Each structure stands twice: as structure tokens, then as C-alpha cells.
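Fold and geometry: a report
Now for the letters of each chain:
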Amino acid sequence: MLSERMTKALNEQMNKEMYSAYLYMDMSAHCTYSGLGGFANWFMVQYQEEMSHAMKIYDYINEQGGKVVLNSIEKPPGNFGTPLEMFEATLKHEQFITESIHGLVELAYEEKDYATQIFLQWFVTEQIEEEANDNELIAKLRLVGDEGNGLFMIDKELESRTFNPPKK
Ligand code: FEO
């Protein structure tokens, strides 16, 4: 059973995951418009991942007999700039999400909510991977610069990313 405070915090996290999906969908559109199909694919897969994160929380609240509450989703900022700037913004956003997940873990400990502590472990691990992916791409983009053959090659590489739904 979830406390009222925990239910509210999980609903807020679900909204943040939905916003993340919306943000990456917008970034994907920006990349398509800029002729960067591989980057567009990467961000669209990221969109799918974020939707699956939101649904994981949605299912958990339901399973625990809590009330899912849907709030409005903020508009993404647009003006995403170069691929390097986009990945720097992505990393910054993921660091914000990591902090938010850690806040939830702290709340679960404070409330002695053992089930939610276990549930959140998956997200803690996922955030390590998300930040590592962004850091890797930032390093590559810094190496090749924001144009020319190097960028074309990274774009090609990102075409192959596929979405693997998380296991239950
Ligand atoms: Fe669902 Fe990218 O954090």
C-alpha cells in the first residue's frame, strides 16, 4: 500500500517521464528537419524508452491500489541547436531525472516503504545507463566537431538503435 505522499511523488515522477518522452520526441523532429535521420532515430527510441518508464510507474501505482493522476505535460523548449548542444541538454535533463529518482528513494526509506524501495532500484540502475549513453555521445561529438564526415558517420551509427521494452 502506498502512502498519500508516496502516491503523489510517484505521479509527479510519471509526469516527468512523460515530459522526457515529449522532449525527446521534439528533439527527434528537430533532427529529422535538419536531415539527421540517425539522430532522429536515436531520439525516437529514447521517446519510446521514456514512455515505457512512465508506464512502469503507472502500472506500479495501479498494482499498489493507488490513484493514478494525470497532469498537463509541459511544452519542450525548442531551439535545440547543434547535435552536441542537444546531447548536452539531454545529459542535463537526465541528471535532473536522476536527482528526482534519488529523492523518491529517500522518501521510500523515510516511509519504510520496502516495496517501493525495490521498485525504484530498476530506475536507479537505468539512470546510470542513460547518463553513460549521453556522456559517450558527447565525447564523440566533441571529437568530431559538429559538422562534416565525422557527424555523418555518427548519424549512420545512430540509425541502428532499436527499442527493447524493459522486462516486467
Ligand atoms: Fe526515464 Fe531518461 O529517464
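Above this text you will find the structure in question.
A brief report on the enclosed structure follows. For clarity, every value in this text was computed on a predicted model and none was experimentally measured.

Criteria and cut-off values
Residues numbered from 1 in each chain as written. Predicted model: local features only at pLDDT ≥ 70, side-chain atom pairs only at ≥ 80, totals over all residues. Heavy atoms only, no water. Helix = DSSP H or I, 4+ residues; strand = E, 2+ residues; numbered from the N terminus. Expected span 1.5 Å × (residues − 1). Buried < 20%, exposed > 50% of the residue type's maximum accessible area, 1.4 Å probe, protein only. Contact = heavy atoms within 4.5 Å. Salt bridge = Lys/Arg side-chain N within 4 Å of Asp/Glu carboxyl O.

What follows concerns helix α1 (residues 4-33). Taking 1.5 Å per residue, 30 residues should reach 44 Å; α1 reaches 44 Å between its end C-alpha atoms and fits that length. Of the residues one or two after α1, Gly35 is the one with positive phi, at around 80°.

Along the chain, Phe123 turns up in helix α4 (residues 114-144). Assessed through its relative accessible area of 1%, Phe123 is described here as buried. Through-space distance from the C-alpha of Phe123 to that of Ala54 is 11 Å; in sequence the pair is 69 residues apart. Setting aside residues up to four positions removed in sequence, Phe123 forms contacts with Glu17, His53, Lys56, Ile57 and Ile101.

Between side chains of opposite charge, a pair can form as their charged atoms come close. Summed over all chains, the structure comprises 8 salt bridges. In this structure, the salt-bridge partner of Lys140 is Glu157, at a minimum N-O distance of 2.6 Å. Here Glu157 lies in helix α5 (residues 148-158) and Lys140 lies in helix α4, a separation of 17 residues in the sequence. Using a relative accessible area of 40% as the deciding quantity, one classes Glu157 as partly exposed. The salt bridge partner of Glu159 is Lys156, with a shortest N-O separation of 3.4 Å. Several salt bridges share partner residues, and in doing so they unite Arg5, Glu110 and Glu111 into one network.

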